[in-house]
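Coordinate inspection notes
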Amino acid sequence: MSQVQAAPALEAEAVTKHFPVHQGARAALLRQRSVVHAVDGVSLTVPDAGILAIVGESGCGKSTLARMLARVLLPTSGQVLLKGVPTSAGSRRDYARTVQMVLQDPFSSLNPAHTVEYHLARPLRLHGIPGNQTLDAAIGQLLDRVALSPAGEFAAKYPHELSGGQRQRVAIARALAVRPQVLIADEPVSMLDVSIRLGVLNLLGDLRDTERLAIAYVTHDISSARYLADEVAVMYAGRLVETGPAADVTDSPQHPYTQLLLAAAPDPDRAEPPSLQGRGAPPSLVSPPGGCRFHPRCPFAMDVCAQKAPPAFETGPGHRSACWLHAPQDPSQLPTSTDQGDGPRPGTGPAGRAAT
Amino acid sequence: MTTPLLEVRGLNVDYGVGPDAVHAVTDANLTLYPGQVAGLAGESGSGKSTLAYAITRLLRAPGVITDGSVWLNLFNGDSSNSIDLLAASESQLRQIRWSEIAVVMQSAMHALNPVYRIGTQLTDVLRAHRPQMSRAERLERAAELLRLVGITPDRLRAYPHELSGGMRQRAMIAMALALEPRIVIMDEPTTALDVVTQREILEELAALRERLGFAVLFITHDLSLLLEIADSITIMYAGRIMEQAAAGDLFRAPRHPYSLGLLASFPSLHGPRVRMTGIGGSPPDLRHPPPGCPFHPRCSFAMDVCREQVPPLRMPARDAGSGRLAACWLQDPGHPTPPALAAEPVLGGSR
């Protein structure tokens, strides 16, 4: 599992990504510049030989963050550190040798006109073949690592001859060809059939355990994050709302948004329909709300929430929540004593329905 | 026991004709009771959507219904009227579709016409089916329908692209309910939505069902969701029904290895984090289905008989009188049943 002492494999330091909005003539004349605040000031770490799950709904900025981690996009501000070294130094190719990406859709990320062998041979030729192996032996070994056997048979196949799960394994093998230290997997199983998702997730877990690969697993599915990851980071509207050990975050969620996400997730163990606290939809990221971006929906919102964005407060060992409710200094601000009266309190909601 | 609203018997659907035909649905039986939520779960290519389209006769060529019957039993006070939808004429069907059976299609993004306002699309169905209504009445009804699904009536003048995904899906549901049908077929109605929106729509659906009393055939690949919302669940694989049971029974005591595997494919949100296996292998190519039970190449309990003969869908001996069905040789008295497939259902297992 995650090594607390070792330097993190990959770190994001207050990374921000704003995309310019293409606007009409009037706004251009008035020199109004608007941007989409896709990711704002996110700091997180992918532990060495561990899996960090980045969880959030569509449009929360998780894929933009993943792309910045993979250096496909450059941050507007802030920086990404690889083993403590800023990634802006060094070439793109050197970076790609260390950090690789696996995309969501294995139906479009493989070239239909080429065989599996071609897909795996290219990175090997470009970045070098490990050891004194022949190209064929290296391809065979890659296919073995992703459990596609017999390797010889799969190497000759075209993508259309493979199932979705097999295609995603080829995409993972292609990423592994350069012997990276970090893998960024952006929704790697969401396009796959339910029965084969776990196989691909288990493969990622095995790569962490046996090859000490660090993985950033981007997903909208918090139960798969709980299953696979060591650490979980929850995003909402471009900001990080909660980070911590996977089991802690899902078993005792601290941030009201994480609680909402868990209450809404399908759960056959649930005896009664859940009650959602904080209905509605995420805000526009062109003009996001001031203060905490969740405050317009938050059932516990206080005055301070609309004014100042909350920093991350420590709520447990390695567990942080960006919510004023967890600010230690002023207990009178807490809803226990003032705003909420006898209403539900954060931490007693979804956490109260732990193991049945 | 009440009389079923919809009875599907021995339905077979092929894509194409002759020896190359793909059997998308083989020998499907399904019963829907008034006011019930029947869930239909399966992976892509399992035939679940094909089955739904066959029921409503909305299949497009090369889809062909080769056998079976679909009985719609309508009661109005004392009189009852049973119609075989597969034998009904086009004009009969036109009267039944939407007013008795409405469909909410898979992708709300594409099911709404982008160049017409929501109000126009809502009143269109009323104009076709309720010619006696005036324009003002139609608009009033359209506004009422939007209010029903939690959208403010001022959105009647909005175009589909001005609505969020969740609102478009709500508008689709409002449209399906316009003529107060007795059956609503929903094909993956929440798949493209975020979990919070999905949950909100499911809540609204439950409240509407309570009020209006329609029955739902809910089709999805997400078994964990069905277990929460459905009364009974049918599990399809490679065009065949593998198991049919009350939701609680299926969850606690599955009888088919495929159901067991599917249940082990959804990581839990509670308890210790243990390694789960899912199901090895991949779903079969329906152009070349395996002989015998279609699941046998992926089944860890497969026996010789499974490779040769298709197991019939019948009531397991241990569940006599329960009404649940499974298509598995392991449930045959002559074969040893693995403990995982012989669990005792909780008393009164249905919720």
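All figures in this text were calculated on a predicted structure; none of them were measured in a lab.

**A short note on the overall build of chain B**
- Secondary structure summary: chain B contains 11 helices and 11 strands in total.
- Against the compact-globule benchmark of 20 Å for 351 residues, chain B has a radius of gyration of 21 Å, which places it among compact chains.
- By principal-axis analysis of the C-alpha atoms, chain B measures approximately 65 × 50 × 40 Å.
- Here chain B holds 351 residues, and the buried ones make up 43% of them.
- Counting only contacts in chain B whose residues sit at least 6 apart along the sequence, the fraction spanning at least 24 positions is 65%.

**So, the interface of chain A and chain B**
- In this complex, chain A contributes 37 residues to the contact, which on the side of chain B involves 36 residues.
- Looking at the side of chain A that touches chain B, the elements that each hand over two or more residues are helix H7 (164-176), helix H8 (194-211), helix H9 (222-228), helix H10 (246-251) and helix H11 (256-264) of chain A.
- Of all the elements, H8(A) adds the most residues to the side of chain A that touches chain B, at seven residues.

**Side note on helix H4 (residues 116-127) of chain A**
All names here are of chain A.
- For H4, spanning 12 residues, the distance from its first C-alpha to its last is 18 Å, which sits close to the expected 16 Å at 1.5 Å a residue.
- Among all positions in H4, only Val116, His119, Leu120, Ala121 and Pro123 are buried.
- Against helix H5 (135-145), helix H6 (151-155) and H7 lie the buried residues of H4.

**Here's the deal with the nonpolar core**
- Counting residues in hydrophobic clusters, the biggest one holds 102 residues, and the most contacted among them are A:Ala53, A:Ala216 and A:Tyr217.
- Beyond its immediate sequence surroundings of up to four residues, A:Ala53 is in contact with A:Tyr217, A:Thr219, A:Ala225, A:Leu228, A:Ala229, A:Val232 and A:Ala246.
- By size, the runner-up hydrophobic cluster in this structure holds 89 residues, among which are B:Leu30, B:Val104, B:Ala171 and B:Phe295.

**Focus on unusual backbone geometry**
- Backbone torsion omega between A:Ser149 and A:Pro150 reads 0 degrees, so that peptide bond is classified as cis.
- Examined against the element boundaries, A:Pro150 turns out to sit in the loop between H5 and H6.
- In this model, B:Ala61 is joined to B:Pro62 through a cis peptide bond whose omega is 10 degrees.
- Relative to the elements of secondary structure, B:Pro62 occurs in the loop between helix H1 (48-55) and strand E4 (63-76).
- Notably, B:Glu180 is not glycine yet its phi reads approximately 50 degrees, a positive angle.
- Looking at the secondary structure, you find B:Glu180 in the loop between helix H6 (165-176) and strand E7 (183-187).
- At B:Ala238, a position not held by glycine, the phi torsion is positive, near 50 degrees.

**What to know about the sheet that holds E7(B)**
Residue and element names in this part refer to chain B.
- Pairing is mixed across the open sheet formed by seven strands, whose spatial order is E6-E7-E8-E3-E9-E10-E11. The strands lining the two open edges of the sheet, one partner per strand, are strand E6 (101-104) and strand E11 (325-326).
- Strand direction decides the pairing type here: strand E3 (residues 37-41) and strand E8 (residues 215-220), joined by five bridges, are parallel. Within E8, the position partnered with valine 37 by the bridge is valine 216.
- Here H1 sits on the sheet in contact with E3, E7, E8 and strand E9 (232-237), set at roughly 145 degrees to E8.

**Digging into the domain arrangement of chain B**
Residue and element names in this part refer to chain B.
- Taken domain by domain, chain B consists of domain 1 (6-234) and domain 2 (238-341).
- Of note, the centres of domain 1 and domain 2, computed from C-alpha atoms alone, are 28 Å apart.
- Each partner contributes to the interface: domain 1 provides 21 residues, whereas domain 2 provides 17 residues.
- Only strand E2 (22-32), helix H8 (223-229) and E9 provide two or more residues apiece to the side of domain 1 that touches domain 2.
- Top contributing element to the side of domain 1 that touches domain 2 by residue count: E2, with eight residues.
- Residues belonging to the side of domain 1 that touches domain 2 are distributed by class as follows: nine nonpolar, nine polar and three charged.

**Observations regarding the sheet that holds strand E5 (residues 85-86) of chain A**
Residues and elements named next belong to chain A.
- The sheet built from four strands is open, its strands ordered E2-E1-E4-E5 with antiparallel pairing. In this open sheet, the two strands that pair with only one neighbour each are strand E2 (35-46) and E5.
- Relative to E5, strand E4 (residues 77-82) runs antiparallel, the two being bridged by two bridges. Each bridged residue has a counterpart across the sheet, and for leucine 82 the counterpart in E5 is valine 85.
- Running at roughly 120 degrees to strand E1 (residues 10-20), helix H2 (residues 62-69) makes contact with E1, E2 and E4 of the sheet.

**Regarding the pairing of strand E1 (residues 6-15) of chain B**
Residues and elements named next belong to chain B.
- Of the pairings in the sheet, the one linking E1 to E2 comprises seven bridges and is antiparallel in character. Note that in E2 the partner of leucine 6 across the bridge is leucine 32.
- Hairpin connection, E1 to E2: the antiparallel pair is bridged by six residues, and glycine 16 has positive phi, about 90 degrees.
- Sheet analysis places E1 next to E4, joined by eight bridges and oriented antiparallel. Counted as the bridge partner of aspartate 14 is valine 64 from E4.

**A short note on the confidence of the model for chain A**
- Overall, the predicted model of chain A reaches an average pLDDT of 87, with 89% of residues at or above 70.
- The low-confidence segment residues 333-356 of chain A, where pLDDT is below 50, has 41 contacts with residues more than four positions distant or belonging to other chains.

**Here we look at the pairing of strand E10 (residues 240-246) of chain B**
Residues and elements named next belong to chain B.
- E10 sits mainly inside the fold: seven of its seven residues count as buried.
- Here E9 hands over to E10 after two residues, with alanine 238 in that stretch at a positive phi of 50 degrees.
- As defined by bridge partners, E10 adjoins E11 across two bridges and the pair is classed as antiparallel. Within the sheet, the bridge partner assigned to glutamine 244 lies in E11 and is leucine 325.

Criteria and thresholds
- Residues numbered from 1 in each chain as written.
- Chains lettered and ligands numbered in written order.
- Predicted model: local features only at pLDDT ≥ 70, side-chain atom pairs only at ≥ 80, totals over all residues.
- Helix = DSSP H or I, 4+ residues; strand = E, 2+ residues; numbered from the N terminus.
- Rg over C-alpha atoms; globule rule 2.2 N^0.38 Å.
- Buried ≥ 20, exposed ≤ 12 C-beta atoms within 10 Å, placed from the backbone.
- Contact = placed C-beta atoms within 7 Å.
- Expected span 1.5 Å × (residues − 1).
- Core = buried A, V, L, I, M, F, W, Y, C linked by C-beta atoms within 7 Å.
- Pairing = 2+ DSSP bridges.
- Axes fitted to C-alpha atoms, helices over the stretch in contact; angles between N-to-C directions.
- Domains from an automatic or database assignment.
- Nonpolar A, V, L, I, M, F, W, Y, C, P; charged D, E, K, R; others polar.
- pLDDT = per-residue confidence, 0-100.

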